[in-house]
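Examination of the molecular architecture
Chain by chain, the residues:
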Amino acid sequence: MAAIDWKSSIIGFKHYLQLERSLSHNSVDAYIRDINKLAQFSCIQLEGKRADQITLNELQEFLGHIHELLLNERSQARIISGIKAYYRYLLMEDIITIDPTELLEGPKLSRKLPDVLSYEEIQSIIEAIDLSKAEGMRNKAIVETLYGCGLRVSELTELRISNLYFDVGFIKVTGKGNKERLVPIGRDAAKFIKIYMEEVRVHQAIQRDFEDHLFLNRRGKSLTRVMIFTIIKQLAEKAGLKKKISPHTFRHSFATHLVEGGADLRAVQEMLGHVSITTTEIYTHLDSAYLKDTLLSFHPRNKRK
């Protein structure tokens, strides 16, 4: 049994999928993206263990990590299938003698994850916004920001104008535990926030102490969480969507679309402001330019330009 590094084994696995299993180009790419996620996890959390050194418990940790990133059950099942196929290949090639995935199961979900919206469903919600009404452009900016930045609803309601750094493509948000983080902002979100500020908000009478709050109600005060939920619910109904949709659905879709599109797990996790359930160690800080490139490269709202 010969040891083999991640790069070599993944190249071999790709050739096996193409030549022996005759899978389509898209299917092969999906398999390879998922194995690359496992390789990234090993590099970050498992001190760079090779595939032949990883145990069943460590694979379960990886699946827990995937769950923390808000991937839905279908996506998790696909990743498990890909890992099992990869280890069967390693067994067939005598790279391993014991398959650690034989007893591998998905994480037990303690709560039902929200539905994920397709890009087309998100577009239908945006198109349902009535821009002839005074609050229309504000609501469009809200939806674009929720989906384009993956914010929690509380992070959206507390977003300040002074924390918008459009010149470098970032916004600063305050998350759980009052922890601040920089989040890349896509072109559409930035565009419609600017339009809202320059064409709508500038004409409002703003109440004292709310001058720096970005999104305001018609009385010139910050929007409440309940109001954001109401806006999203009404738009979903108008778009004819039957799914249970909340502001968090956009955050879930943001993460799912990025990760399924091939984005680096660490970058998505940092953008979400999550602490991994598999470790108490803080992830290595990523260069801000790298986070911005990840959003622009893998988020559907930017890829379709």
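Values in this document were obtained by computation on a predicted structure and should not be read as measured data. (Residues numbered from 1 in each chain as written. Predicted model: local features only at pLDDT ≥ 70, side-chain atom pairs only at ≥ 80, totals over all residues. Heavy atoms only, no water.)

Brief notes about the packing of helix α2 (residues 25-45) against helix α3 (residues 56-68)
- Where α2 contacts α3, the axes come no closer than 11 Å and their chain directions differ by 110°. On the basis of the axis angle, α2 is roughly perpendicular to α3. Between α2 and α3, the contacting residues are Asp 34, Lys 37, Leu 38 and Phe 41 on the first element and Glu 58, Leu 59, Glu 61, Phe 62, His 65 and Ile 66 on the second.
- Along the lines of polarity and charge, the residues of the contact of α2 with α3 split into five nonpolar, one polar and four charged. (Axes fitted to C-alpha atoms, helices over the stretch in contact; angles between N-to-C directions. Helix = DSSP H or I, 4+ residues; strand = E, 2+ residues; numbered from the N terminus. Parallel < 35°, antiparallel > 145°, perpendicular 65-115°, else oblique. Contact = heavy atoms within 4.5 Å. Nonpolar A, V, L, I, M, F, W, Y, C, P; charged D, E, K, R; others polar.)

Digging into the pattern of salt bridges
- What the rule picks out here adds up to nine salt bridges.
- One salt bridge in this structure joins Arg 78 and Asp 34, with 2.8 Å as the shortest N-O distance. In this pair, Arg 78 is assigned in helix α4 (residues 73-92) and Asp 34 in helix α2, connecting sequence segments 44 residues apart.
- A relative accessible area of 29% places Arg 78 in the partly exposed class.
- For the salt bridge of Glu 155 with Arg 181, the shortest nitrogen-to-oxygen distance reads 2.9 Å. With a gap of 26 residues between them, Glu 155 in helix α7 (residues 153-157) and Arg 181 in strand β3 (residues 180-184) connect regions that are remote in the sequence. Like Arg 181, Glu 155 is buried.
- A cluster of three or more residues bridged by salt bridges with shared partners is formed by Asp 34, Lys 37 and Arg 78. (Salt bridge = Lys/Arg side-chain N within 4 Å of Asp/Glu carboxyl O. Buried < 20%, exposed > 50% of the residue type's maximum accessible area, 1.4 Å probe, protein only.)

Observations concerning the packing of aromatic side chains
- Enumeration over the complete set of coordinates arrives at nine aromatic pairs.
- Taking 6.3 Å as the distance between ring centres and 25° as the angle between the ring planes, the aromatic pair formed by Phe 13 and Tyr 16 counts as stacked. Residue Phe 13 and its partner Tyr 16 are both found in helix α1 (residues 6-20); the two are separated by three residues, about one turn of the helix.
- Of the residues examined, Phe 13 reaches a relative accessible area of 0% and is grouped as buried.
- Relative accessible area serves as the criterion here: at 18%, Tyr 16 is assigned to the buried category.
- For the pair Phe 13 and Tyr 31, a centre-to-centre distance of 6.1 Å together with 90° between the ring planes defines the contact as edge-to-face. On the criterion of sequence distance, the pair formed by Phe 13 in helix α1 and Tyr 31 in helix α2 is long-range, its members being 18 residues apart.
- The class for Tyr 31 is buried, based on a relative accessible area of 16%. (Phe/Tyr/Trp six-rings, centres within 6.5 Å; stacked < 30°, edge-to-face > 60°.)

Let's talk about the confidence of the model for the chain
- Summing up the model confidence of the chain, the mean pLDDT is 85 and the portion of residues at 70 or higher is 88%.
- Taken together, the stretch residues 276-287 has pLDDT below 50 and engages in 24 contacts with residues farther than four places along the chain or on a different chain. (pLDDT = per-residue confidence, 0-100.)

Points about the sheet that holds strand β1 (residues 164-165)
- Across the sheet, three strands lie side by side as β1-β2-β3; this open sheet has antiparallel pairing. Each edge of the sheet is formed by a strand with only one pairing partner; in this case those strands are β1 and β3.
- Pairing of β1 with strand β2 (residues 170-174) involves two bridges; the strand directions are antiparallel. Within the sheet, the bridge partner assigned to Tyr 165 lies in β2 and is Phe 170. (Pairing = 2+ DSSP bridges.)

Section: α3
- Over its 13 residues, α3 extends 19 Å from the first C-alpha to the last, a length consistent with the 18 Å expected when each residue adds 1.5 Å.
- Among the residues making up α3, those that are buried are Glu 58, Leu 59, Phe 62, Leu 63, Gly 64, His 65, Ile 66, His 67 and Glu 68.
- Buried residues along α3 sit in contact with α2, α4 and α11 (265-272). (Expected span 1.5 Å × (residues − 1).)

Here we look at the pairing of β3
- Sheet topology note: the β2/β3 ladder contains five bridges and is antiparallel. Bridging from a neighbouring strand, Val 173 pairs with Arg 181 of β3.
- Linking two consecutive strands that pair antiparallel, namely β2 and β3, is a turn of five residues; a positive phi of about 70° is found at Gly 177 within it.

Things to note about the nonpolar core
- Core analysis: the biggest nonpolar cluster contains 42 residues, and Trp 6, Phe 13, Phe 62, Ile 83 and Tyr 87 have the highest contact counts within it.
- When residues of this core are traced back to their parent elements, those giving at least two are α1, α2, α3, α4, α10 (247-260) and α11.
- Sorting elements by how many residues they give to this core places α4 first, with eight residues.
- With sequence-adjacent residues up to four places away left out, Tyr 87 is seen in contact with Leu 38, Ala 51, Ile 54, Leu 59, Ile 96, Asp 99, Pro 100 and Thr 101.
- Formed by 41 residues, the second largest nonpolar core is a distinct cluster that contains Ile 125, Ile 126, Ala 128 and Ile 193. (Core = buried A, V, L, I, M, F, W, Y, C linked by side-chain atoms within 4.5 Å.)

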